Amino acid sequence: MSSQIRSIQWRDDAIYVIDQTLLPTAEKTIEIKHVDQLISAIQKLAVRGAPALGVAGAYGVVLALDEAATAHWDSDRLSSEIDRLRDARPTAVNLAWGVNQVRPLISQGREAVLNAAMNLAQADQLSNLAMGNIGADWLLHRIGDRPLNLLTHCNTGSLATTGTGTALGVIKELAKRGKIKEVFADETRPLLQGSRLTAWELSKAQIPYRIQPDGAAAMAILSGKVDAALIGADRIAKNGDSANKIGSLGVALACHIAKIPFLVVAPESSVDRSIADGSSIHIEIRADAEITHIAGKQMAPEGAKTFNPAFDVTPARFITAVITELRAYDIEAGESL
Ligand code: MRU
């Protein structure tokens, strides 16, 4: 089932990623052998999702080392290329984390870096399974041991990780236990990670779902159609403030009003304990054309200005719990990470 989706793999001295810009109508793999190629795949979201970006960053350091050897980069050039990779997208802490995990091993040689990167990928898969179990137990305990209607935003599944996923991993675990009635997947404007990617994964896993425009989420929540909402995270501050795909904050506010659980499910590698709260999280602002055009067709007057943040920050006071591979942090009771 969906765990066989391999968003990112290392093979034959190259990174192979599923080109997520083409899903769901075409399933194509891209071979990446150069740092530049990897940066552009990351920036156009061919490979995306915080944990997958962490693994991409780690494998990318191996590509940088290989390129340094063939293109005769000196150590300054190598270092600046690795910095460029680390900073390719600013919000998900995992990308910098993945790079920083393996970078200190460069002095031990390429194989040491590659082994560490592979270990990160393997650890990510295990952490997905742990989050799946902890999150599923938490929801059934809190809501009741019955099939649930759950709402999710963006894509947090196998495409966003190297395993089953974070929030979507919890949903898959609940489905295995026969405890999913239906998943309400927000389409996730403007790049449609919900309708293109989450729906693709849910249909492959044969989990009942429906897609709704992001604007329908508050209504679905306030009219009692869902028992809880769960999302992933790109960066979680020490106090629990969580950055995730734009639109997550609106879902959290509606859950707060409806008094239903709003869970953030993410690996410990998404927790940035160097920041006390979410106010210093750098939010990526993306191109106007993502808003003014749909599939290349102009949808707004020539020259229309846009506001296109890729992420928002949900304050901890609207989060019920944060689930990591270690445990459930009781954010509503004032716990920090
Ligand atoms: O811009 P994207 O598609 O990389 O944004 C992804 C998200 O916001 C995900 O919810 C987040 O990275 C968690 S993935 C397990």
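Residues numbered from 1 in each chain as written. Predicted model: local features only at pLDDT ≥ 70, side-chain atom pairs only at ≥ 80, totals over all residues. Heavy atoms only, no water.

**Here's the deal with the site of the ligand**
Near the ligand lie 17 residues; those nearest to it are Arg48, Ala50, Arg89, Asn244 and Lys245. Between an oxygen atom of the ligand and a side-chain N or O atom of Asn244, the distance comes to 2.6 Å. Relative to its free-state accessible area of 410 Å², the ligand is covered by the protein chains to the extent of 100%. Listing elements by their share of the shell around the ligand, those giving two or more residues are α2 (50-71) and β9 (242-245). Considered class by class, the residues forming the shell around the ligand number 7 nonpolar, 6 polar and 4 charged. Of the domains in this structure, domain 1 (2-123) and domain 2 (132-333) are the two that each give at least three residues to the shell around the ligand. (Near = heavy atom within 4 Å. Polar contact = N/O pair within 3.5 Å; in protein donor to acceptor, adjacent residues only side chain to side chain. Areas by Shrake-Rupley, 256 points an atom, 1.4 Å probe, with all protein chains shown as cover. Helix = DSSP H or I, 4+ residues; strand = E, 2+ residues; numbered from the N terminus. Nonpolar A, V, L, I, M, F, W, Y, C, P; charged D, E, K, R; others polar. Domains from an automatic or database assignment.)

**Quick look at unusual backbone geometry**
In this structure, Pro24 follows Leu23 across a cis peptide bond, with omega equal to 10°. In this structure, Pro24 sits in the loop between β2 (14-18) and β3 (29-32). In this structure, Pro190 follows Arg189 across a cis peptide bond, with omega equal to 0°. Checked against the element boundaries, Pro190 lands in the loop between β5 (180-186) and α7 (193-204). Here the phi dihedral of Asp13 falls at roughly 60°; this positive angle occurs in a residue that is not glycine. Secondary-structure assignment places Asp13 in the loop between β1 (8-11) and β2. For Asp13, a relative accessible area of 45% gives the class partly exposed. We note that Leu192 has phi near 60°; this positive angle belongs to a residue other than glycine. Mapped onto the elements of the fold, Leu192 is located in the loop between β5 and α7. Judged by relative accessible area, which is 26%, Leu192 ranks as partly exposed. (Buried < 20%, exposed > 50% of the residue type's maximum accessible area, 1.4 Å probe, protein only.)

Any link to function would need more than the numbers given here.
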